[in-house]
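These are the residues of each chain, in order.
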Amino acid sequence: MVNRIQLDTLNRSSSLLKSTRLQSTTVQRQQFTSILESELGKTTKNVQFSAHAKQRLSDRGIALQKEELESLTTAVDQVAAKGARESLVLLERVALVVNVPNRKVITAMSTGDIENNVFTNIDSAVVAAPVEKTTASEMSMDGLAPNRGSLGVADRSMRRIPEELK
């Protein structure tokens with residue numbers, strides 16, 4: 001009888017231990033998944049501006065619009081995918097040098113000021129396509145795409161870089 005009670009107690013302890021290990025493993029997986037998702041989310045976070053870059057923008061009277069910031073973020077995502085470390089990003093009105101791994105703008109100047117300048121310590125350059133503002137009058141009836149007809153599509157396809165040039 002004593003052996004049977006001890007054996008029953010051991011079986012209960014064993015199943016409790018297994019249950020505890022399973023819960024611990026589940027918690028560890030959830031924590032890992034949470035950390036992984038937060039790290040992956042960082043790859044698409046907004047671009048930061050260094051104090052120097054902020055000062056340059058202020059000194060030159062440049063205020064970036066929402067659309068320009070979106071173009072900048074897209075450009076940084078593109079050069080990051082190619083493994084770039086320091087990149088020159090040319091927007092329509094502004095030229096920015098960006099530390100790609102840190103997603104931080106190092107310096108900035110207007111595109112009118114870049115003539116006869118030499119950019120050093122960069123390993124890539126990207127000409128960012130402008131993000132077009134879409135007004136309510138440009139929206140199609142379904143509200144999903146700009147109502148520009150076939151010319152809008154042709155314009156967008158002409159901006160793409162041919163595969164042989166990449």
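Rules used in this analysis
- Residues numbered from 1 in each chain as written.
- Predicted model: local features only at pLDDT ≥ 70, side-chain atom pairs only at ≥ 80, totals over all residues.
- Heavy atoms only, no water.
- Pairing = 2+ DSSP bridges.
- Helix = DSSP H or I, 4+ residues; strand = E, 2+ residues; numbered from the N terminus.
- Salt bridge = Lys/Arg side-chain N within 4 Å of Asp/Glu carboxyl O.
- Buried < 20%, exposed > 50% of the residue type's maximum accessible area, 1.4 Å probe, protein only.
- Core = buried A, V, L, I, M, F, W, Y, C linked by side-chain atoms within 4.5 Å.
- Contact = heavy atoms within 4.5 Å.
- Polar contact = N/O pair within 3.5 Å; in protein donor to acceptor, adjacent residues only side chain to side chain.

### Brief notes about the sheet that holds strand β5 (residues 124–127)
Right, on to step 1. Spatially, β1-β4-β3-β2-β5 is the arrangement adopted by the five strands of the open sheet, whose pairing is mixed. Edge positions in the sheet fall to β1 (48–49) and β5, since each of these pairs with one other strand and no more.
Right, on to step 2. Across five bridges, the pairing between strand β2 (residues 86–90) and strand β3 (residues 94–99) is antiparallel. Bridged to Glu 86 within β3 is Asn 99.

### Focus on the pattern of salt bridges
Right, on to step 1. Applying the stated rule across the entire model yields two salt bridges.
Right, on to step 2. In this structure, Glu 68 engages Arg 93 in a salt bridge whose closest nitrogen and oxygen atoms are separated by 2.7 Å. With Glu 68 in helix α3 (residues 66–81) and Arg 93 in the loop between β2 and β3, this residue pair connects regions lying 25 residues apart in the sequence.
Right, on to step 3. With a shortest N-O distance of 2.9 Å, Arg 103 and Asp 77 are connected by a salt bridge. Of this pair, Arg 103 sits in the loop between β3 and β4 (104–110) while Asp 77 sits in helix α3, and the two are 26 residues apart along the sequence.
Right, on to step 4. By relative accessible area, which is 5% here, Arg 103 ends up buried.
Right, on to step 5. By relative accessible area, which is 28% here, Asp 77 ends up partly exposed.

### Some thoughts on the nonpolar core
Right, on to step 1. Counting residues in each nonpolar core, the largest one holds 21 residues, and the members touching the most others are Leu 72, Val 89, Leu 96 and Val 105.
Right, on to step 2. Contributing elements (two or more residues each) for this core: α2 (51–59), α3, β3 and β4.
Right, on to step 3. The residues touching Val 105, leaving out its near neighbours within four places in the chain, are Val 47, Gln 48, Phe 49, Ser 50, Ala 53, Leu 72, Leu 96, Val 97 and Val 98.

### Here we look at the environment of Arg 60
Right, on to step 1. One can find Arg 60 in the loop between α2 and α3.
Right, on to step 2. Using a relative accessible area of 33% as the deciding quantity, one classes Arg 60 as partly exposed.
Right, on to step 3. For the pair formed by Arg 60 and Ser 110, sequence separation is 50 residues and the distance between their alpha carbons is 7.5 Å.
Right, on to step 4. Separated by 2.3 Å, the side chain of Arg 60 and the backbone oxygen of Ala 108 make a polar contact.

These values are about where atoms sit, not about what they do.
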